[in-house]
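Secondary and tertiary structure notes
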Amino acid sequence: MPEPAPLIEALRLHLVTDSALCGERGVLAVVEAAVAGGVSCVQLREKSLPTRAFVERARALKAWLAPRGVPLIINDRVDVALACGADGVHVGQSDMAPADVRRLMPGALIGLSVESLAQLEAAEAAPVDYYGVSPVFSTATKADAAPALGLAGLAAIRARTARPLVAIGGIHAGNAAAVMAAGADGLAVVSALCAAADPAAAARELRARMG
């Protein structure tokens, strides 16, 4: 498992993929451009792709990312993560329990979505490496997202845990600095990169705004 300083750097800027937003360019092309611009971690999220195709896409991403030292995290699907040799898994509150993920992938980077202080309190005993705090702002890329926490909600969670926080939900270059100032260790974005005309330039701007 990464040491704290390398872990924080790896968590600095996540690209969370969205096949529809990537469009005809394809997920791999967007990932390549975004990594060139400074993305430090890629989370492959595929809600509708059949399992075999999901694994194939994950393997292709892993093969490209590994030589560049960029971790690949699979959203929700531990089976896909195991099949492709991913670096980690990110799970939500209704997905496989973190303790079960840890038993199956003892050396993996495990993230857990936290949407409230109550969820945070329960999560502190879980064997996870970081929290995905969501949604900070309202977002259209996750249909079942909880109510927005806002910067005050993010700051409240920051005050109650020492674990790394990756903020997600409605984050873009215009609010990135404020989100970091509220206590985030890293940012995770979907549309700000997947829908960008130039993902590399968009990633560079995000990194610059994060400080």
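Further up the page is the structure itself.
Since this is a predicted model, take the numbers as computed values, not measurements. (Residues numbered from 1 in each chain as written. Predicted model: local features only at pLDDT ≥ 70, side-chain atom pairs only at ≥ 80, totals over all residues. Heavy atoms only, no water.)

Right, let's talk about the nonpolar core for a bit. Grouped together as the largest cluster of nonpolar side chains are 59 residues, with contacts concentrated most on Ile74 and Leu187. For this core, the leading source of residues is helix 4 (residues 51-65), giving 6 residues. Residues within four places of Ile74 in sequence aside, it is in contact with Leu44, Phe54, Ala58, Val80, Ala81, Cys84, Ala86, Gly88, Val89 and His90. (Core = buried A, V, L, I, M, F, W, Y, C linked by side-chain atoms within 4.5 Å. Buried < 20%, exposed > 50% of the residue type's maximum accessible area, 1.4 Å probe, protein only. Helix = DSSP H or I, 4+ residues; strand = E, 2+ residues; numbered from the N terminus. Contact = heavy atoms within 4.5 Å.)

What the 8 strands build is a closed barrel, ordered 1-2-3-4-5-6-7-8; its pairing is parallel. Between one strand and the next, the sheet's axes are offset by a mean angle of 25°, whatever the strand orientation. Pairing geometry for strand 3 (residues 72-75) and strand 4 (residues 88-91), over 3 bridges, is parallel. Within strand 4, the residue paired with Ile73 across the bridge is Gly88. Here helix 4 sits on the sheet in contact with strand 2 (41-44) and strand 3, set at roughly 160° to strand 3. Against the sheet, helix 8 (residues 150-158) touches strand 5 (109-114), strand 6 (130-133) and strand 7 (165-168), its axis set at about 165° to strand 7. (Pairing = 2+ DSSP bridges. Axes fitted to C-alpha atoms, helices over the stretch in contact; angles between N-to-C directions.)

Quick look at helix 8 now. Residues Gly153, Leu154 and Ile157 constitute the buried set of helix 8. The arc that holds every buried residue of helix 8, seen down its axis, measures 100°, which confines them to one face. Buried residues in helix 8 make contact with strand 5, helix 7 (117-123), strand 6, strand 7 and helix 9 (176-181). (Arc of directions from axis to C-beta.)

With that settled, consider the pairing of strand 2. Residues Cys41 and Gln43 of strand 2 are buried on one face, and the alternating residues Val42 and Leu44, pointing to the opposite face, are buried as well. Two elements, strand 2 and strand 3, share 3 bridges in a ladder whose sense is parallel. From the neighbouring strand, Leu44 faces strand 3, where its bridge partner is Ile74. At this point the chain moves from strand 2, through helix 4, to the parallel strand 3, and the crossover so formed is right-handed. (Right-handed = clockwise from strand over helix to strand, strands pointing away.)

This paragraph deals with the packing of helix 3 (residues 27-37) against helix 11 (residues 199-210). Two numbers describe how helix 3 lies on helix 11: the axes approach to 7 Å, and their chain directions differ by 35°. Between helix 3 and helix 11 lies a crossing of right-handed hand. In this structure, helix 3 uses Val30, Ala33, Ala34, Ala36 and Gly37 to contact helix 11, whose residues at the interface are Pro199, Ala200, Ala203, Arg204 and Arg207. Residue classes in the contact of helix 3 with helix 11 are distributed as 7 nonpolar, 1 polar and 2 charged. (Left-handed = near helix turned anticlockwise from the far one by under 90°. Nonpolar A, V, L, I, M, F, W, Y, C, P; charged D, E, K, R; others polar.)

Moving on, we come to the state of the cysteines. Considering all chains together, one arrives at 0 disulfides under this definition. Sulfur of Cys22: no disulfide; nearest cysteine sulfur belongs to Cys194 and is 3.8 Å away. According to the relative accessible area criterion, Cys194 is buried, its value standing at 0%. (Disulfide = S-S within 2.5 Å.)

Residues of helix 3 that are buried: Val27, Val30, Val31, Ala34, Val35 and Gly37. Seen along its axis, helix 3 keeps its buried residues to an arc of 155°; they face one direction. Where helix 3 is buried, its residues meet strand 1 (13-16), helix 2 (19-22), strand 2, helix 4, helix 10 (191-194) and helix 11. At the C-terminal side of helix 3, Gly38 shows a positive phi close to 125°.

Bringing the packing of aromatic side chains into the picture now. Enumeration according to the criterion identifies 0 aromatic pairs in this entry. Its end group placed over the ring of Trp64, Arg68 keeps NZ or CZ at 3.9 Å from the ring centre. (Phe/Tyr/Trp six-rings, centres within 6.5 Å; stacked < 30°, edge-to-face > 60°. Lys NZ or Arg CZ within 6 Å of the ring centre and 35° of its normal.)

This next bit is on the packing of helix 3 against helix 4. Closest axis-to-axis distance for the helix 3/helix 4 pair is 11 Å, and the angle between their directions is 25°. Put simply, helix 3 runs roughly parallel to helix 4. Considering how the two elements wind past one another, helix 3 and helix 4 form a crossing that is right-handed. Together, Val27, Leu28, Val31, Glu32 and Val35 of helix 3 and Arg57, Leu61, Trp64 and Leu65 of helix 4 make up the contact between the two elements. In the contact of helix 3 with helix 4, the residues fall into 7 nonpolar, no polar and 2 charged. (Parallel < 35°, antiparallel > 145°, perpendicular 65-115°, else oblique.)

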